[in-house]
Amino acid sequence: MQYTADALNIAIEEFSKLPGIGRKSAQRLVFFLLKYDKEEIHSLAESILALKDKIQYCETCFNITDSNLCAICANESRDHKIICVVEEANDVLAIERTNEYHGIYHILGGVLSPLDGIGPDDLRIRELIQRLGGQVEEVILAMNANAEGEATAVYLSKFIKSLDIKTSRIARGIPMGGDLEYTDEVTLARALSERVWI
Ligand code: ZN
């Protein structure tokens, strides 16, 4: 159904592009926003614009940050000899919540997925290999527990082991098909501390 006001149709169309938002939810959100006063709408719109204007990727680990280096890479008290490789920046938050990990990170930006046409060159694998030339002594692979995560970890472990760097994977406390993002802190902390050497 199309509304008689174009602005309404366009807003509903835009909201329905968001993950987990169907057309009905989009309509509900848009009608909710219609009740906002102008100031509230502006601050919402500005916060969305700032995502593109102010947010950037850490030049070392590709975490989301608002300066060149993210707070974790810039923190001297973190152990810069251990790199935990994750798929997305959300996973960093999940691991940080455990308070069990004190190394630094590398965000791949996805996983290998031949069916979706995503190969090694589409991920930040080259950047990871470059980082391994320095002081790094251990790499922890913390991919999500699904077929693509598995394939990506196997692919990476071959490279990393050939560089003579200790490589481990987080333990299988994570249920198969489970995303790190939705794994509770206790399970994730255990998966980290019981990581397996490969
Ligand atoms: Zn960083």
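Preceding this paragraph is the structure being described.
Residues numbered from 1 in each chain as written. Predicted model: local features only at pLDDT ≥ 70, side-chain atom pairs only at ≥ 80, totals over all residues. Heavy atoms only, no water.

A. Fine view of the packing of helix α1 (residues 6–15) against helix α2 (residues 23–34). It is at 8 Å that the axes of α1 and α2 come closest, and there the two elements cross at 125°. It follows from the interaxial angle that α1 and α2 lie oblique. Crossing angle aside, the handedness with which α1 passes α2 is right-handed. Along its contact with α1, which presents Leu8, Ala11, Ile12 and Phe15, the element α2 presents Arg23, Ala26, Gln27, Leu29, Val30, Phe31, Leu33 and Leu34. Residue composition of the contact of α1 with α2, grouped by class: ten nonpolar, one polar and one charged. (Axes fitted to C-alpha atoms, helices over the stretch in contact; angles between N-to-C directions. Helix = DSSP H or I, 4+ residues; strand = E, 2+ residues; numbered from the N terminus. Parallel < 35°, antiparallel > 145°, perpendicular 65-115°, else oblique. Left-handed = near helix turned anticlockwise from the far one by under 90°. Contact = heavy atoms within 4.5 Å. Nonpolar A, V, L, I, M, F, W, Y, C, P; charged D, E, K, R; others polar.)

B. Geometry of the packing of helix α5 (residues 89–98) against helix α8 (residues 185–193). Packing of α5 against α8 leaves a shortest axis separation of 8 Å and a crossing angle of 90°. The angle between α5 and α8 places the two elements in the roughly perpendicular class. Contacts from Ala94, Ile95, Arg97 and Thr98 of α5 reach α8 at Glu185, Leu188, Ala189 and Leu192. Of the residues that constitute the contact of α5 with α8, the class distribution is five nonpolar, one polar and two charged.

C. Local environment of the pattern of salt bridges. The final tally for this structure, using the stated rule, is five salt bridges. A salt bridge links glutamate 14 to lysine 17; the nearest nitrogen and oxygen atoms lie 3.0 Å apart. Residue glutamate 14 is classed as partly exposed on the basis of its relative accessible area of 43%. A salt bridge links arginine 195 to glutamate 138; the nearest nitrogen and oxygen atoms lie 2.8 Å apart. A residue pair is termed long-range when its members are at least 10 positions apart, and arginine 195 in the loop between α8 and β7 (196–197) and glutamate 138 in strand β5 (residues 138–141) qualify at 57 residues. Classification of arginine 195 as partly exposed rests on a relative accessible area of 26%. Among the residues examined, glutamate 138 registers a relative accessible area of 6% and is labelled buried. (Salt bridge = Lys/Arg side-chain N within 4 Å of Asp/Glu carboxyl O. Buried < 20%, exposed > 50% of the residue type's maximum accessible area, 1.4 Å probe, protein only.)

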